[in-house]
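Overview (structure and organization)
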Amino acid sequence: MNRERPDLNASDSKKSKFSSFDKHGVLFDKSDKPRWLVITVDVLLLLLIASAVLFVVSLFTPFSPFVLASRNDKTVTYTLELEDLDDATFAALSVGQILLDFESGATIGTVVAVDSRAYETYTANPTDDKDPELDSFLVETLTHSTHTAIVTVTLDADYEEGVGYTTDDIRIAVGRTYCIAFGEYMAQGVCVTLLG
């Protein structure tokens, strides 16, 4: 059996309209650019698309993949004020108690100290008297039978430059309000101090 080798340069009606072979059997497109150049351009386009996707994802997530190396674990101590707690809820707070974020269930620290004072609210003086020195209305303090708990909490948190302290996607920062679960109880607390 003698088989003839097909001529690669011969025109064939079955060949693609978009490519042809040179005399060595290497595929060329109609613009006579080698196939490796087309592949290189395709790979560069895929890398460009992938980097654009990573950039967009980093904009919409709290943690950027570009700064993962700048994260490190630090022990942080912060103070929460939990207002208007009844006696049973206040009694449930104790040293060693683990505090959880009510919504996510994530641990946001361990209680290291608990202090309290009477819960107070403020209202305008009903007589509408003005303080002559300050030229302002007087304010009355109303003391209630409930407690304001001052809870010192410690936590091993991730620290990221430009973001601050975080744990399980929860940012620990002064002024933030947290819905806290402990034991069978729940309360809202505001972070009033933060020591890194």
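Throughout, a residue's number is its position along its own chain's written sequence, starting from 1. This being a predicted model, a pLDDT of at least 70 is required before a residue's local features are given, and a value of 80 or more before pairs of side-chain atoms are given or counted; all residues contribute to the totals for chains, interfaces and linings. Side-chain descriptors were evaluated using all non-hydrogen atoms of the structure, hydrogens and water having been removed beforehand.

**Remarks on the environment of Thr177**
Using the following cut-off: Only DSSP runs of H or I reaching four residues or more are called helices, and only runs of E reaching two or more are called strands; each is numbered from the N terminus. Summary of the burial criterion: residues with accessible area below 20% of their type's maximum are buried, those above 50% are exposed, and those between are partly exposed, where the area comes from a 1.4 Å probe applied to protein chains only. Contacts between residues were defined by any pair of non-hydrogen atoms, one from each residue, lying within 4.5 Å.
Within the secondary structure, Thr177 is located in strand S11 (residues 177-182). According to the relative accessible area criterion, Thr177 is partly exposed, its value standing at 47%. It is 5.6 Å that separates the C-alpha atoms of Thr177 and Gly189, two residues lying 12 residues apart in sequence. Non-local contacts of Thr177, meaning those with residues more than four positions away in its chain, are made with Gln188, Gly189 and Val190.

**Structural notes on the pairing of strand S4 (residues 98-101)**
Put simply, the rule is: Any two strands are treated as partners once DSSP identifies two or more bridges connecting them.
Because side chains alternate across S4, one face comprises the buried residues Leu99 and Asp101, and the other comprises Ile98 and Leu100, none of which is buried. Where S4 and S11 come together, two bridges link them in antiparallel fashion. Pairing of Leu100 across the sheet is with Ala181, part of S11.

**What about the environment of Val95?**
Tracing the backbone through its elements, the reader meets Val95 in the loop between helix H2 (87-92) and S4. The spatial distance from the C-alpha of Val95 to the C-alpha of Val111 is 5.0 Å, given a sequence separation of 16 residues.

**What to know about unusual backbone geometry**
Phi is positive for Asp168, which is not a glycine, with a value near 45°. Within the secondary structure layout, Asp168 lies in the loop between strand S9 (164-167) and strand S10 (170-172). Accessibility expressed as a relative area gives 53% for Asp168, which makes it exposed. The backbone phi angle of Asp169 is positive, close to 65°, even though this residue is not glycine. By relative accessible area, Asp169 is classed as exposed at 59%.

**With respect to the pattern of salt bridges**
The following threshold applies: In what follows, salt bridge is the name for a side-chain nitrogen of Lys or Arg lying within 4 Å of a carboxyl oxygen of Asp or Glu.
Under the defined criterion, the tally for this structure stands at one salt bridge. When the shortest N-O distance is used, the salt bridge between Arg117 and Glu81 registers 3.3 Å. Of this pair, Arg117 sits in strand S5 (residues 107-124) while Glu81 sits in strand S3 (residues 72-85), and the two are 36 residues apart along the sequence.

Any functional reading would require information that these geometric values do not contain.
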